[in-house]
Amino acid sequence: DHVLLTGKRWDRMYKVHFPDWPSLFVNNNQSGDVDEDRNVGEEEEDEVVTEVVLPDSETDPTEKNENNASKSEDQIQNTSIENNNKNGDADEVGNDGEGEKDEVDTEVVLPGSETDPTEENEENAPEAMDQIQSTIINTFTILEQVDHDPSSFTQGLSYSNDGKVIFETTGIYRNSKVRRINPDTFDVELSVDMDDKFFGEGSTIYTDADGNERLMEITWNEQTGFIYDTGTLEKLQEFKYTTGGGDQGWGITYNPSEQEFIVSDGSKFLYFWDRDTLAEKRTVAVTRFDGSSQNQLNELEFMDGLVCCNIWHSDDIICVNPVTGKSVREYDMSSLWPADQRGGRENVLNGIALGKDHVLLTGKLWDRMYKVVFPDWTTLF
């Protein structure tokens, strides 16, 4: 009279059935304990039905009939999250022509569970993906606005593993730099100029096979990458690479559980490199909620098992499943610092760094950075 479900390394199993599948157990009643005249799809009062709706389903998970209304509160919520912008200087706005989008579809919470299904350990994060959204969110909380060098054409932003240093790499020929920034004062502690022939791009912190913390940076058109000592910013290694999008380099981040780098090149693809050999392991094509392809993937940050991407000339941040490439979280950040207040067209949002209790965001030629949190993303920290 039920379907038994479990998963890899789960500490639980669930007995479930599907109200829309009335014929599933028609031939399974052999005990004679249940009245044959009873409707197969009818539940007893103390029985809870758990609906799991796939993100690509044509059925809206918030559509519930009156018979299930009393049960649905434990399953699916429709939550409108208010903007908690403590600075009060940014209004909520939607994407151009699309209006405001302030509703959040909160995914299924299984009855009787002591933990939210979005709580995943690092090892299982790419597999589980219970944190799927279906609506872009434009709400977030600004914890603090801090200073940023307005001459920095930001291409890469990362915290050190212990959170005591911020690393930034910047672009533009003859003006590309690699920097250490103090996370308390946001002063530049150390800045190293790149060779004039290189246009600096994304960078990421990682731990190498010997246990050393390193900074890796890629370049725009030179198919050349660098590995730096994080203390001195001394260049330890130079390497060559290729990508599919004209062999350009845009963004890079690191997945420690898989020991792999994740690279963007401005196309719709993400490229996965082995940490030790830098050999390409696989690629995935990135798609949005509506199934459309997303190119112009720029600076990247690996957060809570997802690859979060800036999009060039867009204020959207999308976070994708690294296995499927499907976007499962999308944030409209246009109210963070509205584009009409930033100056030039190239002063775009570009820079995501995951801290211990916040996400640090900035952009190219911005005079500020923001510490933010996302109220809907309860497992991020």
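These figures come from a predicted structure and were not determined experimentally.

1. With respect to the pairing of strand E19 (residues 306–311)
Phase 1: Counting buried positions over the six residues of E19 gives six, a clear majority of the element.
Phase 2: Neither face of E19 is open: one carries Leu306, Cys308 and Asn310, the other Val307, Cys309 and Ile311, and all of them are buried.
Phase 3: Adjacent in sequence and paired antiparallel, strand E18 (residues 297–303) and E19 are bridged by two residues, among which Asp304 carries a positive phi angle near 55°.
Phase 4: Where E19 lies against strand E20 (residues 316–320), four bridges are found, and the strand directions are antiparallel. The partner of Val307 across the bridge, within E20, is Val320.
Phase 5: Joining the antiparallel neighbours E19 and E20 is a turn of four residues, in which His313 adopts a positive phi near 60°.

2. Topic: the state of the cysteines
Phase 1: Here the structure, examined in full by the defined rule, presents one disulfide.
Phase 2: With its sulfur 2.2 Å from that of its partner, Cys308 forms a disulfide with Cys319. Taking the sign of the torsion about the S-S bond as the criterion, the disulfide between Cys308 and Cys319, at about 110°, is right-handed. A residue pair is termed long-range when its members are at least 10 positions apart, and Cys308 in strand E19 and Cys319 in strand E20 qualify at 11 residues.
Phase 3: Overall, the relative accessible area of 1% leaves Cys319 in the buried class.
Phase 4: With no disulfide of its own, Cys309 has Cys308 as its nearest cysteine by sulfur position, at a separation of 7.0 Å.
Phase 5: With a relative accessible area of 0%, Cys309 lands in the buried category.

3. Here we look at the pattern of salt bridges
Phase 1: Scanning the model with the defined rule gives 16 salt bridges in all.
Phase 2: A salt bridge links Asp149 to Arg179; its shortest N-O distance comes to 2.8 Å. With Asp149 in the loop between strand E5 (141–147) and strand E6 (154–159) and Arg179 in strand E8 (residues 177–181), the pair connects residues that are 30 residues apart, well separated along the chain.
Phase 3: Residue Arg179 is classed as buried on the basis of its relative accessible area of 8%.
Phase 4: Among the ionic pairs, Asp315 bridges to Arg342, the shortest N-O distance being 2.8 Å. Residue Asp315 is found in the loop between E19 and E20, and its partner Arg342 is found in the loop between strand E21 (327–332) and strand E22 (349–354); the two are separated by 27 residues along the sequence.
Phase 5: With relative accessibility at 10%, the residue Arg342 sits in the buried group.

4. Brief notes about the pairing of E18
Phase 1: A large share of E18 lies buried, amounting to seven of its seven residues.
Phase 2: Where E18 lies against E19, five bridges are found, and the strand directions are antiparallel. Considered in E19, the bridge of Leu300 is made with Cys309.

5. Regarding the side chain of Asn350
Phase 1: Mapped onto the elements of the fold, Asn350 is located in strand E22.
Phase 2: Relative accessible area serves as the criterion here: at 0%, Asn350 is assigned to the buried category.
Phase 3: A polar contact is formed between the side chain of Asn350 and the side chain of Gln155, at a distance of 3.4 Å.
Phase 4: With residues up to four places along the chain from it excluded, the contact list for Asn350 reads Thr154, Gln155, Asn298, Glu299, Asn310, Thr362, Gly363 and Lys364.

6. Thoughts on the sheet that holds strand E14 (residues 251–255)
Picture the strands of a sheet paired through backbone hydrogen bonds; they go either parallel or antiparallel.
Phase 1: The strand order E14-E15-E16-E17 describes an open sheet built from four strands, whose pairing is antiparallel. On the outer flanks of this sheet lie E14 and strand E17 (280–285), each paired with one strand and no other. Averaged over all adjacent pairs, the angle separating strand axes in this sheet is 25°, with direction ignored.
Phase 2: With five bridges joining them, strand E16 (residues 269–274) and E17 adopt antiparallel strand pairing. Looking across to E17, one finds that Phe272 is bridged to Arg282.

Calculation rules
- Residues numbered from 1 in each chain as written.
- Predicted model: local features only at pLDDT ≥ 70, side-chain atom pairs only at ≥ 80, totals over all residues.
- Heavy atoms only, no water.
- Buried < 20%, exposed > 50% of the residue type's maximum accessible area, 1.4 Å probe, protein only.
- Helix = DSSP H or I, 4+ residues; strand = E, 2+ residues; numbered from the N terminus.
- Pairing = 2+ DSSP bridges.
- Disulfide = S-S within 2.5 Å.
- Salt bridge = Lys/Arg side-chain N within 4 Å of Asp/Glu carboxyl O.
- Polar contact = N/O pair within 3.5 Å; in protein donor to acceptor, adjacent residues only side chain to side chain.
- Contact = heavy atoms within 4.5 Å.
- Axes fitted to C-alpha atoms, helices over the stretch in contact; angles between N-to-C directions.

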